[in-house]
Amino acid sequence: MRIVLGVSGGIAAYKAAELARQLVRNGHDITVVLTKGAEEFIRPLTFASLTGRKVITDIFSSASPDATLSSAVEHIGVAQEHDLLLVAPATADVIGKFAHGLAGDFLSTLYLAFPGPVVLAPAMNNRMWEHAAVVANVAALRARGHVIVEPGEGYLACGTIGPGRLAENDKIVAAVKEVFRPKVTDLAGETILITAGPTREPIDPVRYISNRSSGKMGYALAEAALERGARVLLVSGPVNLTPPSGAEVDNVQTSQQMRDAVFARLPDATVVIKCAAVADFRPSNPSAQKIKKTAARISLELDPAPDILSELGQKRNGFLLIGFAAETENLREYARKKLESKNCDMIVANLVGGDESGFESDVNQVLLVLRNGENIPVEKAPKRQIADRILDQIAKLSPR
Ligand code: PMT
């Protein structure tokens, strides 16, 4: 594939050289565009040597009296000749220009003329990354369908610690690979009912019992299933995410509401994926009034919450049933027990409790435990990619 690698001006610009080398090694043709800022950190010659191609540094770089016209429209030609625009590192400046359609240099001009997919790997100081303006600009680019390779956390060049480090090259290369993966519609004809997020079990009108589920895994499944042609029914607990467009959404709060929404939707479903982190227990007698503060110890009596997956397992009538298992130990053994006791076709087991996978994180690492005795490990990857690996198995299990 032909990739434009845009490099903007940050300390991480030097890492783009190794990225260019990796992409060339993977068989891609790479044209590098350096912003003025990037040139302060790394020389064009480095990229020209690694890619074997001319490096573009200036909107008027090849302008000579007799070449004015071709140079003035060079960005159009470059836009038409390439399959992907990748910017790594993408500074706050580039992200802002792209978000607002400003076209003051070659890279931002190229962006406006670029008809293909765009992948951005941001890198900046953590305060900048968390600034409301950058957050809004990144959200705007995401809404436009661009892929954002989330920056990592750690020591930053400015001496602070936090999110803002350019993602590892392997992660950026994986995002590029994902863009080029042929799109399949192998789930067309399926109606997939997905539960996502936590439940909230009221203690009184202002307090509740809940858990750390962000809904990211379930929403990634919904997005991937839609892309693969399925109709998606999403029963969602309270989360801070925008549902993928095309999903039919029921918003619920409690385990009882989630159970009722699932069973109301069930007659349409050919596949059910129970990704939600449903409460196992709920307060026996939620108070109608706010419980007053007291110096004395108080105790909370809990009853079992409805076990939706178990009930689904007992009422199988043709739909595939996929459960999740969040475990802190003995992953394989506990997952296989759940597969049997809840009468599922597959359990997606994830080890939770660590820093970098399971709840809240953007990545996950799972073990797919199947009825035929197979256990398929899926390596750590963004939840969107994990979702596709889960759906690959579902497509194989589906009788259609
Ligand atoms: O939302 P994220 O932040 O992206 O995190 C993703 C996740 C960690 C929540 C997800 O990957 C996951 O593991 N979901 C299942 C969490 C869970 O409740 O696991 P469990 O082992 O306690 O439950 C086993 C299965 O029974 C699950 O399919 C669950 O939906 C279901 N269940 C559990 C309790 C209950 N009362 N009713 C249920 O249906």
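Higher on the page you've got the structure.
Note that the structure is a prediction, hence the values are computed from the model and not measured.

Trainee: Could you give an account of unusual backbone geometry, with specific residues and numbers?
Mentor: Cis peptide bonds are those with omega within 30 degrees of zero, and the linkage from Ala88 to Pro89 qualifies with -5 degrees. Examined against the element boundaries, Pro89 turns out to sit in strand β3 (residues 84–90). Phi is positive for Asn330, close to 45 degrees, though the residue is something other than glycine. The residue Asn343 is not glycine, and still its phi comes out positive at about 60 degrees. Relative to the elements of secondary structure, Asn343 occurs in the loop between α14 (331–341) and β17 (346–351).

Trainee: Can you tell me about the site of the ligand, naming the residues and giving the values?
Mentor: The local shell around the ligand holds 27 residues, among which Ser213, Ser214, Lys274, Lys338 and Asn350 are the closest. The separation between an oxygen atom of the ligand and a polar main-chain atom of Lys216 is 3.3 Å. One nitrogen or oxygen atom from the main chain of Ala279 is found 3.0 Å from a nitrogen atom belonging to the ligand. Relative to its unbound accessible surface of 770 Å², the ligand loses 96% to contact with the protein. Mapped onto the shell around the ligand, the elements with two or more residues apiece are α11 (216–227), α13 (308–314) and β16 (320–327). By residue number, the principal contributor to the shell around the ligand is β16, which donates 4 residues. Here the residues of the shell around the ligand are counted per class, giving 13 nonpolar, 7 polar and 7 charged.

Trainee: Can you explain the side chain of Ser398? Please cite residues and give values.
Mentor: Tracing the sequence through the fold places Ser398 in the segment after α15 (383–397). Side-chain polar atoms of Ser398 contact the side chain of Glu190, separated by 2.5 Å. Discounting chain neighbours no more than four positions away, the residues touching Ser398 are Glu190 and Leu320.

Trainee: Can you lay out the sheet that holds β17 for me, pointing to particular residues and giving the numbers?
Mentor: Here we have 8 strands laid out as an open sheet, ordered β12-β11-β8-β13-β16-β17-β18-β19, and mixed in their pairing. Each edge of the open sheet carries a strand with a single partner, namely β12 (248–251) and β19 (375–382). Direction aside, the axes of adjacent strands within the sheet are offset by 15 degrees on average. Packing of α15 onto the sheet brings it into contact with β13 (271–274), β16, β17, β18 (363–370) and β19, and relative to β19 it is tilted by some 150 degrees.

Trainee: Which residues make up the pattern of salt bridges, and what are the values?
Mentor: Across all of its chains, the model carries 31 salt bridges by this definition. Note that Arg371 is salt-bridged to Glu340, the shortest N-O span being 3.9 Å. Of this pair, Arg371 sits in the loop between β18 and β19 while Glu340 sits in helix α14, placing them 31 residues apart in sequence. For Asp392, the salt bridge identified is with Arg389, shortest N-O distance 3.0 Å.

Trainee: Break down the packing of aromatic side chains for me, with residues and values.
Mentor: Counted according to the given criterion, the structure contains 1 aromatic pair. Over the aromatic face of Phe263 sits the side chain of Lys315, whose NZ or CZ is 5.1 Å from the ring centroid. One Lys or Arg, Arg316, reaches over the ring of Phe319 and ends 5.8 Å from the middle of that ring.

Trainee: Explain the packing of helix α1 (residues 15–25) against helix α10 (residues 169–180) to me, and be specific about the residues and the numbers.
Mentor: Packing of α1 against α10 brings their axes to within 10 Å, and their N-to-C directions diverge by 45 degrees. Classified by the angle their axes make, α1 and α10 are oblique. In the packing of α1 onto α10, the handedness of the crossing is right-handed. Residues Lys15, Glu18, Leu19, Gln22 and Leu23 of α1 form the contact with α10, whose participating residues are Asn169, Asp170, Ile172, Val173 and Val176.

Trainee: If you had to explain the nonpolar core to someone new, which residues and values would you point to?
Mentor: Counting 33 residues, the largest nonpolar core has Leu221, Ile273, Ile390 and Ile394 as the members making the most contacts within it. Here the element with the most residues in this core is α11; it accounts for 7 residues. Aside from chain neighbours lying at most four places away, what touches Ile394 is Val271, Ile273, Leu320, Ile322 and Met346. Counting residues in each nonpolar core, the second largest holds 31 residues, with Leu34, Phe47, Val55 and Leu166 among its members.

Reading guide: rules and limits
Residues numbered from 1 in each chain as written. Predicted model: local features only at pLDDT ≥ 70, side-chain atom pairs only at ≥ 80, totals over all residues. Heavy atoms only, no water. Helix = DSSP H or I, 4+ residues; strand = E, 2+ residues; numbered from the N terminus. Near = heavy atom within 4 Å. Polar contact = N/O pair within 3.5 Å; in protein donor to acceptor, adjacent residues only side chain to side chain. Areas by Shrake-Rupley, 256 points an atom, 1.4 Å probe, with all protein chains shown as cover. Nonpolar A, V, L, I, M, F, W, Y, C, P; charged D, E, K, R; others polar. Contact = heavy atoms within 4.5 Å. Pairing = 2+ DSSP bridges. Axes fitted to C-alpha atoms, helices over the stretch in contact; angles between N-to-C directions. Salt bridge = Lys/Arg side-chain N within 4 Å of Asp/Glu carboxyl O. Phe/Tyr/Trp six-rings, centres within 6.5 Å; stacked < 30°, edge-to-face > 60°. Lys NZ or Arg CZ within 6 Å of the ring centre and 35° of its normal. Parallel < 35°, antiparallel > 145°, perpendicular 65-115°, else oblique. Left-handed = near helix turned anticlockwise from the far one by under 90°. Core = buried A, V, L, I, M, F, W, Y, C linked by side-chain atoms within 4.5 Å. Buried < 20%, exposed > 50% of the residue type's maximum accessible area, 1.4 Å probe, protein only.

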